[in-house]
Amino acid sequence: MAGPEANIEKYLKQRVTDEGGLCMKCTGFKDAPDRIVILAGMTVFVEVKAEGEVPRDSQIRMFNKMVEAGGFVFVIDTKDKVEAYIDFVTQDMDALTEEPSPIIRLNS
């Protein structure tokens with residue numbers, strides 16, 4: 001992978017590592033998200049896209065299956081959204097007033 005998506009994925013990996021987490025490549029099944037991230041006691045799947053891109057319909061179907069099984073899937077397409085993700089998972093989870101949607105597209 002090269003280009004803008006690769007830059008965002010590299011940035012995600014570096015930021016998660018900087019925060020003491022793990023950011024592992026997710027492979028082995030069709031339409032898998034790009035990364036499994038373990039950070040601040042939370043394990044999530046992250047799909048990285050170039051800015052403005054969205055997951056394919058087949059990916060959305062897989063992500064919905066993952067959510068139905070109890071998982072969380074984030075779609076991130078900018079470095080700002082990487083930072084928003086880091087802020088989200090490193091905050092005091094008890095401070096959240098609403099349960100987050102399991103498929104989360106972080107908006108700017």
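Rules behind the numbers
Residues numbered from 1 in each chain as written. Predicted model: local features only at pLDDT ≥ 70, side-chain atom pairs only at ≥ 80, totals over all residues. Heavy atoms only, no water. Helix = DSSP H or I, 4+ residues; strand = E, 2+ residues; numbered from the N terminus. Contact = heavy atoms within 4.5 Å. Buried < 20%, exposed > 50% of the residue type's maximum accessible area, 1.4 Å probe, protein only. Pairing = 2+ DSSP bridges. Right-handed = clockwise from strand over helix to strand, strands pointing away. pLDDT = per-residue confidence, 0-100. Expected span 1.5 Å × (residues − 1). Core = buried A, V, L, I, M, F, W, Y, C linked by side-chain atoms within 4.5 Å.

Caption draft 1: Highlighting the environment of proline 33. Relative to the helices and strands, proline 33 resides in the loop between β1 (22-25) and β2 (35-39). For the pair proline 33 and phenylalanine 63, spaced 30 residues apart in the sequence, the C-alpha separation amounts to 7.8 Å. Sequence-distant contacts of proline 33, defined by excluding residues within four places in its chain, comprise Cys26, Phe45, Val46, Glu47, Phe63 and Met66.

Caption draft 2: Molecular detail of the pairing of strand β3 (residues 42-48). With five of seven residues buried, β3 is to be regarded as a mostly interior element. Bridge count for β2 against β3 is five bridges, and the pairing is antiparallel. By the bridge assignment for β3, leucine 39 is matched with methionine 42. The handedness of the β3 to strand β4 (residues 73-76) crossover, carried by helix α2 (residues 57-68), is right-handed.

Caption draft 3: Here's a closer look at the confidence of the model for the protein chain. In this model, the protein chain carries an average pLDDT of 86, and 83% of its residues clear a pLDDT of 70 or more. Mean pLDDT in the protein chain bottoms out at strand β5 (residues 103-105), which sits at 53, and peaks at β1, which reaches 97.

Caption draft 4: Structural view of α2. With 12 residues, α2 ought to run about 16 Å at 1.5 Å a step, and its terminal C-alpha atoms sit 17 Å apart, in line with that. Just downstream of α2 lies glycine 70, where phi reads positive at about 105 degrees.

Caption draft 5: View of the nonpolar core. Core analysis: the largest hydrophobic core is formed by 17 residues, its most contacted members being Leu12, Val37, Val46 and Tyr85. Among the secondary structure elements, those contributing two or more residues to this core are α1 (4-18), β2, β3, β4 and α3 (79-90).

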